[in-house]
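Structural characterization, general
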Amino acid sequence: MSNPEHTLGVTPPISTALPTDAEKRQTEALLKELRAQGTFESQAETDKRWAVLADLQRITDEFVKRAAQEKEPHNAILIRDARGRIFTYGSFRLGVYGPGSDIDTLVVVPKYVTVKQYFDIFPNLLVEMAPPGAITDLTPVPEAFVPIIKFEYSGISIDLIFCSIQSLRQLPDDKDWNLNSNNLLRGLSENEVRSLNGTRVTDEILALVPEEKTFKLALRAIKLWAQRRAIYANIMGYPGGVAWAMLVARVCQLYPKATSAVIVRKFFTIMLNWPWPLPVLLKNIEYNQSITRVAVWNPKIYPSDRNHKMPIITPSYPSMCATHNVGRSSMAVIQQELERGVQISEEIMLGKRPWKDLFEKHTFFTNGFKFYLTVISSGRTKEAQNTWSGFVESRVRVLVQKLELHPSIALARPFNKGYDRVHRCKTDAQVEEIQTGNLTYMVKPTDTAANGNAKNDSKVEIKAEIKTEDGVAPEPAVPVVKEEPNDVVHLGTVPLKPEDNSVKPEANDYDEDKVKLEDIPEKEPELEIYTTNHYIGLQLVEGAKSLDLSREVDDFKAMCTSNDIFKAELMGLTIQHVRNFDLPDDVFEPGETKPVRPVKKKKRMAEGEHANGPMAKRQQMATAPPTIKSEH
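The chain is annotated in an unreviewed UniProt entry as Poly(A) polymerase of Neurospora tetrasperma. Recorded in UniProt under Sequence similarities (unreviewed entry), the annotation for the chain is "Belongs to the poly(A) polymerase family."

A few words on the UniProt feature "binding site: Mg(2+) 1" (unreviewed entry) in the chain. Following the UniProt record, the feature "binding site: Mg(2+) 1" (unreviewed entry) maps to Asp-102 and Asp-104 here. Here Asp-102 is to be found in the loop between α4 (91-94) and β2 (103-109). A residue is classified by how much of its surface remains accessible, and Asp-102, at 26% relative accessible area, is partly exposed. Once you skip the residues sitting within four places of it in the chain, Asp-102 turns out to touch Arg-49, Ser-157 and Asp-159. Looking at the element boundaries, Asp-104 is found in strand β2. With relative accessibility at 16%, the residue Asp-104 sits in the buried group. For Asp-104, the residues in contact, after removing those within four places along its chain, are Phe-87, Thr-88, Tyr-89, Gly-90 and Asp-159.

A word on helix α5 (residues 115-129). Residues that lie three or four places apart on an α-helix share one face, since the helix turns once every 3.6 residues. In this model α5 runs 20 Å from its N-terminal to its C-terminal C-alpha over 15 residues, within 8% of the 21 Å that 1.5 Å per residue would give. When the local axis directions of α5 are compared, the greatest deviation, roughly 30°, occurs at Ile-121, which is followed within four positions by the proline Pro-123. When α5 is considered as a whole, its buried residues turn out to be Gln-117, Tyr-118, Phe-119, Ile-121, Phe-122, Pro-123, Leu-125 and Leu-126. In the core, the buried residues of α5 are packed alongside α2 (43-71), β2, β3 (135-141), β4 (148-153) and β5 (156-164).

This next bit is on the pattern of salt bridges. A full pass over the atoms with the stated rule returns 23 salt bridges. One salt bridge in this structure joins Arg-265 and Glu-346, with 2.9 Å as the shortest N-O distance. Linking Arg-265 in helix α9 (residues 260-272) with Glu-346 in helix α11 (residues 328-349), this pair joins segments that are 81 residues apart in sequence. The salt bridge partner of Asp-428 is Arg-380, with a shortest N-O separation of 3.6 Å. Taken together, the residues Asp-428 in helix α13 (residues 428-435) and Arg-380 in the loop between β6 (371-379) and α12 (382-404) connect sequence positions 48 residues apart. Through salt bridges with shared partners, a single network forms among Glu-62, Arg-66 and Glu-128.

Take the pairing of β3 next. Bridge count between β3 and β4: five bridges; the pairing is antiparallel. Pairing of Ile-135 across the sheet is with Tyr-153, part of β4. Counting the residues that bridge the hairpin from β3 to β4 gives six residues.

In this model α12 runs 33 Å from its N-terminal to its C-terminal C-alpha over 23 residues, within 8% of the 33 Å that 1.5 Å per residue would give. If you look at α12, its biggest bend is around 35°, right at Ser-394. Those residues of α12 that sit buried are Ala-384, Gln-385, Trp-388, Ser-389, Phe-391, Val-392, Ser-394, Val-396, Leu-399, Val-400, Leu-403 and Glu-404. Residues of α12 that are buried in the fold lie against α11, β6, β7 (409-414), β11 (527-540), α15 (550-561) and β13 (571-579).

Cut-offs applied
- Residues numbered from 1 in each chain as written.
- Predicted model: local features only at pLDDT ≥ 70, side-chain atom pairs only at ≥ 80, totals over all residues.
- Heavy atoms only, no water.
- UniProt positions renumbered as here; feature names shortened; annotations may be inferred.
- Helix = DSSP H or I, 4+ residues; strand = E, 2+ residues; numbered from the N terminus.
- Buried < 20%, exposed > 50% of the residue type's maximum accessible area, 1.4 Å probe, protein only.
- Contact = heavy atoms within 4.5 Å.
- Expected span 1.5 Å × (residues − 1).
- Bend = angle between axes of the 7 residues up to and from the residue.
- Salt bridge = Lys/Arg side-chain N within 4 Å of Asp/Glu carboxyl O.
- Pairing = 2+ DSSP bridges.

Structure representation (C-alpha cells):
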C-alpha cells in the first residue's frame with residue numbers, strides 16, 4: 001500500500017480532510033448494499049480460484065520443460081531450470097471480482113518458447129494434467145491479435161494469453177519476481193507488449209492509489225453502477241474495467257483520506273465536469289524511451305490520438321489510451337448517466353435515498369428509444385457462430401460511427417452486450433426467416449440446456465469424425481440420429497451397416513394388425529441455427545420524417561462479409577429496423593413493462609367541435625412516426 005502522505009498523481013490533492021462519522025456510516029451502508037447486490041463471492045469460491053491458479057502454475061512449469069526438451073533435447077541444464085510463471089490481471093488482480101467472474105491470466109515464458117509451441121503443447125497438457133473432466137469449452141484462438149486460449153477449469157472461466165520474454169534465457173527462481181521492469185519489453189512485438197501490459201497496468205494502478213481498501217470498495221460500486229446502466233464494455237464503445245478503475249483511482253488521488261462513499265460521490269461530480277479531451281493521467285507519461293517500437297500516446301504527434309474524445313491513459317510504459325473506442329453517442333450517454341449519478345449520490349449522502357437507487361437497471365429497452373436497429377449475425381454451427389459473432393461484435397461500433405454522421409440521427413446508442421439465441425427449423429426458407437429476425441423458431445433456454453441456461457451447452461464426446469469438403473459428406477454413408485443429453489437432435493454419419501443375416505421371428509396372424517416400420521414416416525431432420533443480436537437505439541433529430549440508412553447498412557455488411565472469416569455457406573448478416581413495441585420478450589426481465597403500440601387517434605372531429613377547437617389543435621400537434629429504411 002502506498003504512503004498516504006506522499007502526493008500521488010499529476011496534481012496535488014483537492015482535499016486531505018479526514019472523514020466524518022456520517023461519511024463512515026455511509027461507507028458501511030454502501031458495503032452492506034454491495035453485499036446485498038451479490039458483488040462478493042464466498043471464501044470457498046475464492047479458495048477454489050487460488051487452487052485453479054496453483055494448478056495452472058504447475059501445468060505451465062511442465063509446459064516450459066517440454067518446450068525446452070523439444071528445443072534442445074540434449075541440454076540437461078536448460079531442461080532442469082526451465083520454468084514459467086502465471087500472472088493475473090484485470091478484476092481478479094485488482095481484487096474486485098465477484099461470483100462467476102472469469103480470471104484473466106497470462107503465461108510468461110523464457111525466450112526459447114514459441115507461440116507455436118504454446119498452441120501445440122499447452123491445450124493437450126491442460127487436459128492431461130488437470131483432474132478428469134475439469135477442462136471444458138477448450139478453445140484455442142491462435143489467429144487473435146493477442147493469441148489466447150479460452151477454457152473453463154472446474155467451472156471457472158479462464159482467458160489465458162501468452163508472452164515469451166525475449167530478454168531472458170530463463171525466468172528467475174524468485175516467487176516475488178514481477179513484470180514491472182520496462183526492460184522486459186525489449187524485443188517484443190506490439191501484441192506481446194499488450195499481453196504483458198495487462199498485468200503491468202493493474203499493478204501500477206494499485207501502486208498509485210493512497211488506500212487500496214478504499215479504492216477497491218469504491219471501484220466495486222462504480223463497476224456495478226456502470227454495468228447496471230449498460231455503459232460498461234470497451235468493445236461497444238464504452239469504458240471497460242481498466243478504464244473505470246483508472247477513473248476511480250484518479251479520484252482517490254485527489255481525495256487521499258476520503259472514505260469509499262465520498263470517493264463514489266466525488267467521482268460523479270469530477271468526471272461530469274472533467275474538461276475532455278484533457279486526458280486522465282495517474283502519473284506523467286514516460287516519453288523518450290527507446291525500449292520498444294510501440295508508440296506512446298501522444299496527441300501532439302499522432303492525429304489519431306488527437307481524435308480521442310475521452311482519453312484515459314494507462315500508467316505503464318508504453319502509455320496507451322484505454323478508451324479509444326468511445327464515440328460521440330456513447331460519450332453523450334456517459335455524460336447523462338454521470339448527471340444522474342450526481343443527483344442520486346448527493347441525496348444518498350444527505351440520507352434522503354438508499355444506495356440501491358444508484359444501482360437501478362437501465363431503461364434502454366423499456367423507455368429508452370422508439371426506434372432501434374438490430375444487427376443479426378447467424379451461423380449454421382455453433383463453432384462458426386462463435387467466430388463470426390465475435391467478429392461482427394467488434395465492428396458494431398464502426399456502424400455506430402457511420403450512423404452518427406447521418407444528418408437525421410441525433411444519437412446512436414449501442415447496447416453493451418449481444419443476445420445469443422438458438423433456433424430450430426426444417427427448411428432453407430425458414431433459415432432465411434431466422435436470419436432476418438424472425439423468432440418463431442427460437443428455442444426457449446429450458447429446451448436447450450438442462451440447467452436452464454441457454455449459453456451452457458451439453459457436451460458430447462465425439463468418438464470419430466468423418467472429414468468433409470465443402471460441407472458434403474462421403475457418399476457411402478447413411479444418416480444416424482445421435483441424441484445429446486439436452487435432447488437436441490443432430491445428424492451424424494456412420495458407414496453403411498452390413499446386411500443383417502440374423503434369424504427373424506416368423507410372421508403370425510396378428511402381424512397384419514401391427515404398424516409396420518416402413519409405414520412410419522421418417523422424422524424430418526431439424527436444422528439448428530445460432531444467432532446473436534446487437535441492438536442500437538436511435539434518437540432522431542427533431543422534425544425528422546424519414547430516415548434512409550441503406551448506404552450505411554450496405555457499407556457495414558460489405559466490410560464484414562469481405563473479411564476472410566466470413567463463410568457464405570455457414571454465416572449470415574442482416575440489419576433490421578425494430579420499433580420499441582416489437583422488441584422481443586427476452587430483452588425484458590420479469591417485472592419490466594414492454595412498450596406497447598400507440599393507439600391511433602381518429603381523425604374526425606368530435607361532434608360540436610369547431611375546426612379551430614381542441615381536437616384540431618391536437619391533430620396539428622400530432623406527428624406521424626418517421627419511416628426508416630434499413631432492411632437489407
